[in-house]
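Residues per chain are reported as follows:
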Amino acid sequence: TFRIMKTIITFCLLFFAFLPAYGQGHPDLLTGKVRELFDKGTKCWNEGGENCISYYQEAYRLEKKLKQNCLGCIEVELGKSYSYLEKYDTAKYYLNLAQQSLKKMDYSDTRVKFLDAEIQNNIAMNFYFIGKIDSAIVYLKKNVEIIDKTGNKKSSALAKINLASIYASVND
């Protein structure tokens, strides 16, 4: 039963982790070729493709070279991708970079707030996968708090489902 529960929770975490990119618009902070590569990477993952991370890596190199303002948009996708590939240390590295990049962005932009929420969600997901449930809960609570401040009820509900799925996995 624990194995089944863990599979269900993993599915929920991955499912809800990939949803925010569409509903909140932080990819709209990317432009031109960088956005095109980002979209190809996202489409590749959604279709179950192989080596999708290469699109994000290319977008990241280009975004750094052009010195545009949303490295965090790509760093969070790299972190999510490496976590999916079970390369948790590399995922942590990119998620930490995403947090640093966020500090340089205009937080009054709602898209940036949703980026922050997605970063927190993916840090939580990474902690969950390495068995650090308490840390996962801390970051999921941050995710919910950030999303609640945006007033987006649908995203808030999804974030709370994600948090509830973690609590459901914990034996009292």
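Attention here is on the structure that accompanies the text. (Residues numbered from 1 in each chain as written. Predicted model: local features only at pLDDT ≥ 70, side-chain atom pairs only at ≥ 80, totals over all residues. Heavy atoms only, no water.)

**Focus on the overall build of the protein**
In terms of helices and strands, the protein carries nine helices and zero strands. Secondary structure of the protein in N-to-C order comes out as α-α-α-α-α-α-α-α-α. Long-range pairs, those at least 24 residues apart, make up 61% of the contacts in the protein between residues at least 6 apart in sequence. (Helix = DSSP H or I, 4+ residues; strand = E, 2+ residues; numbered from the N terminus. Contact = heavy atoms within 4.5 Å.)

**Remarks on the state of the cysteines**
Here, the word disulfide means a covalent bond between the sulfur atoms of two cysteines. Following the criterion strictly, the structure yields two disulfides and no others. The disulfide partner of Cys-44 is Cys-52, and the gap between their sulfur atoms is 2.0 Å. Classification of the bridge connecting Cys-44 and Cys-52 rests on its S-S torsion, roughly -70°, and on that basis the disulfide is left-handed. In this structure Cys-52 comes out as buried when scored by relative accessible area, which is 1%. Two residues share a disulfide in this structure: Cys-70 and Cys-73, whose sulfurs sit 1.7 Å from each other. Given an S-S torsion of about 65°, the disulfide between Cys-70 and Cys-73 has right-handed geometry. We classify Cys-70 as buried; its relative accessible area is 0%. Cysteine pairing in the protein follows 1-2, 3-4, where each cysteine in a disulfide is numbered by its order in the sequence. (Disulfide = S-S within 2.5 Å. Buried < 20%, exposed > 50% of the residue type's maximum accessible area, 1.4 Å probe, protein only.)

**Some remarks on the environment of Phe-127**
You can see Phe-127 is positioned in helix H7 (residues 110-129). On a C-alpha basis, the gap between Phe-127 and Tyr-88 in space is 8.5 Å, while along the polypeptide they are 39 residues apart. Once you skip the residues sitting within four places of it in the chain, Phe-127 turns out to touch Lys-132, Ser-135, Ala-136 and Tyr-139.

**Overview of the packing of aromatic side chains**
All told, the structure shown has eight aromatic pairs when counted by the stated rule. For the pair Phe-38 and Tyr-56, a centre-to-centre distance of 5.6 Å together with 65° between the ring planes defines the contact as edge-to-face. Linking Phe-38 in helix H3 (residues 32-46) with Tyr-56 in helix H4 (residues 53-66), this pair joins segments that are 18 residues apart in sequence. A relative accessible area of 2% places Phe-38 in the buried class. Judged by relative accessible area, which is 1%, Tyr-56 ranks as buried. On the numbers, 5.7 Å between centres and 10° between planes, the contact of Tyr-82 with Tyr-94 is stacked. Highlighted residues: Tyr-82 in helix H5 (residues 71-84) and Tyr-94 in helix H6 (residues 88-102), separated in sequence by twelve residues. Linked through ring pairs, Tyr-60, Tyr-82, Tyr-93 and Tyr-94 together constitute an aromatic cluster. (Phe/Tyr/Trp six-rings, centres within 6.5 Å; stacked < 30°, edge-to-face > 60°.)

**A word on H7**
Here H7 is 20 residues long and its end C-alpha atoms lie 29 Å apart, about the 28 Å a rise of 1.5 Å per residue gives. Of all 20 residues that make up H7, 17 are buried, and the element is covered over most of its length. At the exit of H7 stands Gly-131, carrying a positive phi of roughly 85°. (Expected span 1.5 Å × (residues − 1).)

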